[in-house]
Amino acid sequence: MNVLIIGSGGREHALALKISKSNLLDKLYCLPGNPGTASVAENIETPVSDFESIGRVVIDKSVDMVISGPEEPLVRGLRDYFESDGRFASLRFVGPDSRGAQLEGSKDFAKEFMKKYNIPTAAFQTFTKNSIDAAFDFLKGLNPPYVLKADGLAAGKGVLIINDIEEAKRELKEIFEGKFGSAGERVVIEEYLDGIEMSAFAISDGKDYLILPEAKDYKRALDGDCGLNTGGMGAVSPVPFADSQFLKKVEERVIAPTVKGFEKEGIKYNGFIFAGLMNCNGDPYVIEYNVRMGDPESEVVLPRIKSDLLAHLVAMCDGKLSEEKLEIDTRTALTVMCVSGGYPGIYEKGIEITGADSCDAESDTTLYHAGTALKVNKLVTAGGRVIAVTSFADSIEMARVESYKRLSKIDFKGIHYRRDIGLDLI
Ligand code: AMP
Ligand code: GLY
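Presented here is a report on the structure given in the accompanying data block. (Residues numbered from 1 in each chain as written. Chains lettered and ligands numbered in written order. Predicted model: local features only at pLDDT ≥ 70, side-chain atom pairs only at ≥ 80, totals over all residues. Heavy atoms only, no water.)

A few words now on the overall build of the protein. Of the regular secondary structure elements, the protein holds 12 helices and 21 strands. Here the C-alpha radius of gyration of the protein, 21 Å, is about what a compact globule of 426 residues would show, namely 22 Å. Looking at the protein residue by residue over its 426 residues, the buried ones come to 57%. Sequence-distant contacts in the protein: of pairs separated by 6 or more residues, those separated by 24 or more amount to 69%. For the protein, the exposed surface amounts to about 18000 Å²; the carbon and sulfur share of it is 47%. Computed over 51 positive and 65 negative side-chain charges, the inter-centroid distance for the protein is 1 Å. (Helix = DSSP H or I, 4+ residues; strand = E, 2+ residues; numbered from the N terminus. Rg over C-alpha atoms; globule rule 2.2 N^0.38 Å. Buried < 20%, exposed > 50% of the residue type's maximum accessible area, 1.4 Å probe, protein only. Contact = heavy atoms within 4.5 Å. Areas by Shrake-Rupley, 256 points an atom, 1.4 Å probe, with all protein chains shown as cover. Lys, Arg positive; Asp, Glu negative; His and termini not counted. Charge placed at Lys NZ, Arg CZ, Asp CG, Glu CD.)

Next up on the list: helix 12 (residues 396-407). Given 3.6 residues per helical turn, the α-helix brings residues three or four places apart onto the same face. Here helix 12 is 12 residues long and its end C-alpha atoms lie 16 Å apart, about the 16 Å a rise of 1.5 Å per residue gives. When we look at burial in helix 12, the residues that qualify are Ile396, Ala399, Arg400, Ser403, Tyr404, Arg406 and Leu407. The buried residues of helix 12 occupy one face: seen down the axis, they fall within an arc of 160 degrees. Check the buried side of helix 12 and you find it contacts strand 14 (234-237), strand 17 (332-339), strand 18 (365-369) and strand 21 (385-393). (Expected span 1.5 Å × (residues − 1). Arc of directions from axis to C-beta.)

This part takes up the state of the cysteines. Applying the stated rule across the entire model yields 0 disulfides. Free of any disulfide, Cys317 has its nearest neighbouring cysteine sulfur in Cys30, separated by 17 Å. Assessed through its relative accessible area of 18%, Cys317 is described here as buried. (Disulfide = S-S within 2.5 Å.)

Quick look at the sheet that holds strand 8 (residues 159-162) now. The 4 strands are arranged 6-9-7-8 in an open sheet whose pairing can be described as antiparallel. Because the sheet does not close on itself, it has two edges, and the strands there are strand 6 (124-128) and strand 8. With direction set aside, neighbouring strand axes in the sheet form an average angle of 25 degrees. As judged from the 4 bridges shared by strand 7 (residues 146-150) and strand 9 (residues 186-190), these two strands associate in the antiparallel manner. Bridge assignment links Leu148 to a residue of strand 9, and that residue is Ile189. Here helix 7 (residues 132-140) sits on the sheet in contact with strand 6, strand 7 and strand 9, set at roughly 155 degrees to strand 6. (Pairing = 2+ DSSP bridges. Axes fitted to C-alpha atoms, helices over the stretch in contact; angles between N-to-C directions.)

Okay, the pattern of salt bridges next. By the definition in use, this model includes 35 salt bridges. Residues Arg99 and Glu265 are paired through a salt bridge, measuring 3.8 Å at the closest nitrogen-oxygen approach. Residue Arg99 is located in the loop between strand 5 (92-94) and helix 5 (102-105), and its partner Glu265 is located in helix 9 (residues 244-265); the two are separated by 166 residues in the primary sequence. Residue Glu288 pairs with Lys107 through a salt bridge whose shortest N-O separation is 3.8 Å. Placement of Glu288 in strand 16 (residues 283-290) and of Lys107 in helix 6 (residues 107-116) is noted, with a sequence separation of 181 residues between them. In this structure Glu288 comes out as partly exposed when scored by relative accessible area, which is 22%. Residue Lys107 is classed as buried on the basis of its relative accessible area of 18%. (Salt bridge = Lys/Arg side-chain N within 4 Å of Asp/Glu carboxyl O.)

All right, on to the site of ligand 2 then. Around ligand 2 sit Asp217, Gly231, Phe274, Asn290, Arg292, Gly294, Asp295, Pro296 and Glu297, and those are all the residues in its vicinity. Within the backbone of Gly231, a nitrogen or oxygen atom sits 2.8 Å from a nitrogen atom of ligand 2. Contact distances for ligand 2 include 2.9 Å between a nitrogen atom and a side-chain N or O atom of Glu297. When ligand 2 is considered free in solution it has 190 Å² of accessible area, and contact with the protein chains removes 87% of it. Of the residues in the shell around ligand 2, the class split is 2 nonpolar, 3 polar and 4 charged. (Near = heavy atom within 4 Å. Polar contact = N/O pair within 3.5 Å; in protein donor to acceptor, adjacent residues only side chain to side chain. Nonpolar A, V, L, I, M, F, W, Y, C, P; charged D, E, K, R; others polar.)

Estimates place the volume of the second largest pocket at around 720 Å³. What lines the second largest pocket is a set of 36 residues, among which Leu17, Cys359, Thr365, Thr366 and Leu367 lie closest to the centre. Elements supplying a minimum of two residues to the lining of the second largest pocket: helix 1 (10-20), strand 18 and strand 21. At 5 residues, the largest contribution of residues to the lining of the second largest pocket is made by strand 18. Counted by class, the lining of the second largest pocket contains 16 nonpolar, 11 polar and 9 charged residues. (1 Å grid on protein atoms, 1.4 Å probe; cavity = no way out; pocket = protein on both sides within 12 Å on 5 of 7 lines; lining within 4 Å. Points joined across faces, edges and corners; volume = space filled by probe spheres on them.)

The next subject is the pairing of strand 9. Counting buried positions over the 5 residues of strand 9 gives 4, a clear majority of the element. One ladder, built from 5 bridges, connects strand 6 with strand 9; its direction is antiparallel. Residue pairing across strands places Thr126 opposite Val188, the latter belonging to strand 9.

With that settled, the discussion passes to the site of ligand 1. The full set close to ligand 1 counts 15 residues, and Glu190, Leu193, Glu197, Lys219 and Glu288 are the nearest of them. Between ligand 1 and Glu288, the relevant distance is 3.0 Å, taken from an oxygen atom to a side-chain nitrogen or oxygen of the residue. The protein chains hide 88% of the 470 Å² of surface that ligand 1 would expose on its own. Within the residue set of the shell around ligand 1, elements represented by two or more residues are strand 7, strand 8 and strand 16. Its residues assigned to classes, the shell around ligand 1 comprises 8 nonpolar, no polar and 7 charged.

As structure tokens, then:
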């Protein structure tokens, strides 16, 4: 079969590499892809926002399955687009329709969904500009720190955690005045959850699910969890503090009721579920849902899947997920992301990268391209997050040694990466 992956990051490179190994695959395409995906797929230069062009690619290349890496096309209705046109009747699509994608696209939708289906999450209320006085009253009733969340997609910047109530009120006003554009027309205010964060993953066809390995992401730019929030600076899987008892609770209290909720709501899902969780004294609480895989979590979760991911996705699209069995590598996968100097703020692009040749196939270390490009046959930086280096080993310590050893050979002007990925878990 022919598969088209939408997106251009490390997550898409990890998806492409995993799917390229499937016996079910004839031809793999990435749109637009990156120099990493080009080693296992044909990249197609088409803007992800242009559904008509993507549709033409699907027809021209006889694509049988489309996988959306990022959330934007899902929130904007890429699946709905294919479903509304009879020419795509036999296409398998990985990702929910725009209604299901609201789980990520609207914090209020996600919180109401969790409330309705008894999925543990922080107590909350949603407010608009017109209910700002009620919002101030609600804030007064909470203990600090105060958690404010712009309802819509705000490029990962829409969540504020503030210690001082007067500052929280000021920020709330600014959000309603347009600080996050239309994403901030509604704001969820919620109770602060004290615990350790991790992420759970599954695929679901809207009635059954298959749980994928869990991961821990490192969101802050600097060592010791300091600096600004980023898309993610590294990840580890498995997560030592997520023991089998905790993971059982995640399945019973989060994943199973989420899928039940899809069924009850008539949501067409067929995609990845990514639940951002807080482990509060051994109990999982959902902080957020994403309707896609994480990045850089994909760079540790997907390589740990030993069974045929493409076969699992086909079964999911065909409503036969209950027959699937996942096989996983029990070793530790640890990834470190190297980023452009200045990221997540302003950074330069087009800087030459050295030492980023692929590792040999037998090695337990893999380079995943994120923001890279080829310029006159030279590899250059093309984004904030540049390359993720994933290593497998029998322990976090050993995986750290291998990833950092390989990273030390990669260089570009301004290169930055955290030195403490996984250290807190040892
Ligand atoms: P979100 O975009 O909802 O994942 O929020 C971004 C980050 O804010 C999360 O990864 C958490 O670190 C933090 N966060 C969000 N909600 C809460 C909460 N209720 N309590 C504590 N931390 C939170
Ligand atoms: N690494 C967090 C995310 O993909 O949303």
